[in-house]
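Analysis of the macromolecular model
If you want the building blocks of each chain, they are given just below.
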Amino acid sequence: MTGASLLAETQVAAVRDDPGARLALMARLFRGPTGHAPRHLPFRRAALSFMRWQVRRGLLDPVRASPPGSPWWRAMNERLLRDGCEAVALLGGEAGEPSSQAVGFWLAFSERPTGRNWYRAHNASIVGGYLAHRELAEAENEPERFFMNVALARVLYAHALVGAPRLALGPLAPPGRVLGDPRLGLAGVFLSLHRVLPDRYPLTLDVEAYLAAEQRLGRLLDHGVIVPRLQRLYEWSAGDLGEPGLLELVRDGVPVYSWPYERRAVWRSAAPPRAARVVAWATRAR
């Protein structure tokens, strides 16, 4: 372990059992090694929005708390923090080479802070965490595992809005880069699940109950736009992130991260809302 990666591990360990300190560390990362990074600071909006939702649900609480936090969500968050801390340490002159491709993407984002570069770095860390922590995911209950897949599909879709708008919106592609820009509030619609899930952990109802209660915008997004293009979305993301392992998490357009393919019917609403059908038609590839 090099100077930069060791420093990153130390920084993450120091906030491991303090969700508020985790949030503060994430916020500091976008200020860079000098504390002054005006071009990067606006990008923290999307990262902090999603992370605040995790804090409200208690996902990042210590595992010894009552009730305990989620080992999987804690590990995922630590991966994101650690990659960011390592990149900032390298920029600040600490010794070493990037320990992962994701850290390299964070360095590229630092050099050229664009929406596409932010998503590439962020999603490389997220996908790396998904692949590394499948055993922890299996220990979560069924609705939690289902919504892990929803969260991943949404963050991949948000990336595609900026990096592959025709894939994301078909003939309605022109506004895609604006809709997905992580510096704007609209990106939070794609990255957050607070309109679907209650602010408590763990979930106690079955998957169908939460889907039935999903708000109109979420149903339009999931059933009308994301689900019809899931297979292509994962394939594009795997290529853009240079992570072929992502393709193991989808099968025939069905997300299968700690989720049985045999339960695929839950992804295909028997009678999607009429508005969702209209949106699916309007955004389909011509």
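See the structure printed just above.
Computed from a prediction, not measured in an experiment: that's the story for all the values here. (Residues numbered from 1 in each chain as written. Predicted model: local features only at pLDDT ≥ 70, side-chain atom pairs only at ≥ 80, totals over all residues. Heavy atoms only, no water.)

A separate point is the pattern of salt bridges. As enumerated under the stated definition, the model contains 14 salt bridges in all. A salt bridge links Glu 142 to Arg 263; the nearest nitrogen and oxygen atoms lie 3.1 Å apart. In this pair, Glu 142 sits in helix H8 (residues 142–163) while Arg 263 sits in the loop between strand E2 (254–255) and helix H15 (274–283), placing the two residues 121 residues apart along the sequence. By relative accessible area, which is 27% here, Arg 263 ends up partly exposed. In this structure, Glu 208 engages Arg 263 in a salt bridge whose closest nitrogen and oxygen atoms are separated by 3.7 Å. Highlighted residues: Glu 208 in helix H12 (residues 207–212) and Arg 263 in the loop between E2 and H15, separated in sequence by 55 residues. One connected set of salt bridges, linked through shared partners, spans Arg 16, Arg 22 and Glu 78. (Salt bridge = Lys/Arg side-chain N within 4 Å of Asp/Glu carboxyl O. Helix = DSSP H or I, 4+ residues; strand = E, 2+ residues; numbered from the N terminus. Buried < 20%, exposed > 50% of the residue type's maximum accessible area, 1.4 Å probe, protein only.)

Within the structure shown, the criterion is met by 15 aromatic pairs. Measuring from ring centre to ring centre gives 5.7 Å for Trp 53 and Trp 73, while their planes differ by 75°; the resulting arrangement is edge-to-face. Separated by 20 residues along the polypeptide, Trp 53 in helix H3 (residues 44–57) and Trp 73 in helix H4 (residues 71–91) bring together distant segments of the chain. Trp 53 gets classed as buried once you look at its relative accessible area, which sits at 0%. The class for Trp 73 is buried, based on a relative accessible area of 5%. Geometrically, the ring pair formed by Phe 146 and Phe 147 is edge-to-face, given 5.0 Å between the ring centres and 85° between the ring planes. Each member of the pair, Phe 146 as well as Phe 147, carries the same accessibility label: buried. Across the ring face of Phe 105, the terminal group of Arg 120 is positioned such that the distance to the ring centre comes to 5.9 Å. (Phe/Tyr/Trp six-rings, centres within 6.5 Å; stacked < 30°, edge-to-face > 60°. Lys NZ or Arg CZ within 6 Å of the ring centre and 35° of its normal.)

Over its 14 residues, H3 extends 20 Å from the first C-alpha to the last, a length consistent with the 20 Å expected when each residue adds 1.5 Å. Looking only at H3, the buried set comprises Ala 46, Ala 47, Leu 48, Phe 50, Met 51, Trp 53, Gln 54 and Arg 57. Where H3 ends, the next residue or the one after it, Gly 58, has phi of about 85°, a positive value. (Expected span 1.5 Å × (residues − 1).)

Quick look at the environment of Leu 205 now. Assignment of secondary structure puts Leu 205 in the loop between helix H11 (187–191) and H12. Here Leu 205 falls in the partly exposed class, since its relative accessible area comes to 45%. Not counting chain neighbours up to four residues away, the residues in contact with Leu 205 comprise Pro 143 and Tyr 210. (Contact = heavy atoms within 4.5 Å.)

Right, let's get into the side chain of Glu 144. Along the polypeptide, Glu 144 turns up in helix H8. A polar atom in the side chain of Glu 144 sits 2.6 Å from the side chain of Arg 57. (Polar contact = N/O pair within 3.5 Å; in protein donor to acceptor, adjacent residues only side chain to side chain.)

Attention shifts here to the packing of helix H1 (residues 3–15) against H4. Across the interface, H1 lies against H4 with an axial gap of 8 Å and an inter-helix angle of 135°. Relative to H4, the element H1 is oriented oblique. For the element pair H1 and H4, the recorded crossing hand is right-handed. On H4, the residues that touch Ala 4, Ser 5, Leu 7, Ala 8, Glu 9, Gln 11 and Val 12 of H1 are Glu 78, Leu 81, Arg 82, Cys 85, Glu 86, Ala 89 and Leu 90. (Axes fitted to C-alpha atoms, helices over the stretch in contact; angles between N-to-C directions. Parallel < 35°, antiparallel > 145°, perpendicular 65-115°, else oblique. Left-handed = near helix turned anticlockwise from the far one by under 90°.)

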